[in-house]
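One letter stands for each residue in the lines below.
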Amino acid sequence: MMLSTILLFITTEFFLSLYPGPAVLLVISQGVKYGGKTSLLGAAGIISGNAIYFSASAIGLGGILIASEQIFLAIKYIGALYLLYLGIMMIYKSLVSKEIYQEEEIQISKQKLFREGLLTQLASPKAILFFAALLPQFIDTHQGMAYQFIVLGIISVMIEFPILATYGW
């Protein structure tokens, strides 16, 4: 990979990570509700979703999703419904429960926070488009593709996780 390509990827990843999409909004809501430290679980789920998308993009499934309009639309609508469900549940829980969470309740919620981050990222049309359409633009087909996906994946985590953690705090 050329250094100019890596720098362009870093810049692109940085600005896309700053852009408030479903992942950012989820981490912010988890941070407000449970605290900044606990929102790291949602951020870890989002990064895990990215790892799945990096792997899928590396084996070409991302291109198939973009090529098949029906599959892409189905994922898009399922993602929208899931995000709507999360929003409704947060509103409902805030209206029903006026109690401050006790340590025991937060412990129960930790796995759920990670799962919410993972599912939110996997259902995000923005993430699907990034990994299927934009990410391949940074890959040199004349070099080892697996190596390039690993390098870009590591760079992505090093940029996006701190940004998500900052939003959560």
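Please read these numbers as outputs of a predicted model, since none were measured by experiment.

Caption draft 1: Region of interest: the packing of aromatic side chains. Evaluation of the coordinates by the stated rule reveals two aromatic pairs. Centre to centre, the rings of Phe9 and Phe138 are 5.2 Å apart; their planes meet at 80 degrees, and the pair counts as edge-to-face. Placement of the pair is Phe9 in helix H1 (residues 3-18) and Phe138 in the loop between helix H7 (125-134) and helix H8 (145-168), with a sequence separation of 129 residues. One exposure class covers both Phe9 and Phe138, and it is buried.

Caption draft 2: Structural context of the packing of helix H3 (residues 36-58) against H8. H8 packs onto H3 with a crossing angle of 155 degrees between their chain directions and a minimal axis gap of 9 Å. One element, H3, and the other, H8, form an angle in the roughly antiparallel class. H3 and H8 meet at a crossing whose hand is right-handed. Contacts from Gly36, Ser39, Leu40, Ala43, Ala44, Ile46, Ile47, Asn50, Phe54, Ser57 and Ala58 in H3 reach Phe149, Leu152, Gly153, Ser156, Val157, Glu160, Phe161, Leu164, Ala165 and Gly168 in H8. Of the residues that constitute the contact of H3 with H8, the class distribution is 13 nonpolar, seven polar and one charged.

Caption draft 3: Representation of H3 in the model. For H3, which comprises 23 residues, the first-to-last C-alpha distance of 33 Å matches the rise-based estimate of 33 Å (1.5 Å per residue) to within 8%. Once H3 ends, the next one or two residues include Gly60, with phi positive near 95 degrees.

Quick notes on the rules
Position labels on residues start from 1 in each chain and follow its written sequence. Totals for whole chains, interfaces and linings use every residue, but because this is a predicted model, local features are given only for residues with pLDDT of at least 70 and side-chain atom pairs only at 80 or more, for both listing and counting. Only hydrogens and water are set aside; all other atoms, that is, all heavy atoms of the structure, feed into the side-chain values. Pairing of aromatic rings covers Phe, Tyr and the six-membered ring of Trp, with a centre-to-centre limit of 6.5 Å; geometry is then stacked below 30 degrees between planes, edge-to-face above 60, and tilted otherwise. Numbered from the N terminus, helices here are DSSP runs of H or I no shorter than four residues, and strands are runs of E no shorter than two. Between buried and exposed lies partly exposed: a residue is buried under 20% and exposed over 50% of the maximum accessible area for its type, with that area taken using a 1.4 Å probe on protein chains only. Orientation is described by axes fitted as lines to C-alpha atoms, over the contacting stretch for helices, and by angles from 0 to 180 degrees between their N-to-C directions. Any angle from 65 to 115 degrees is called roughly perpendicular, while one under 35 is roughly parallel, one over 145 is roughly antiparallel, and all others are oblique. The hand of a helix crossing depends on one turn: near helix anticlockwise from the far one by less than a right angle means left-handed, and clockwise means right-handed. Two residues qualify as a contact provided that any one of their heavy atoms is within 4.5 Å of a heavy atom in the partner residue. Amino acids are sorted into nonpolar (Ala, Val, Leu, Ile, Met, Phe, Trp, Tyr, Cys and Pro), charged (Asp, Glu, Lys and Arg) and polar (every other residue, Gly among them). In this analysis, the expected span of each helix is defined as 1.5 Å times one less than the number of residues it contains.

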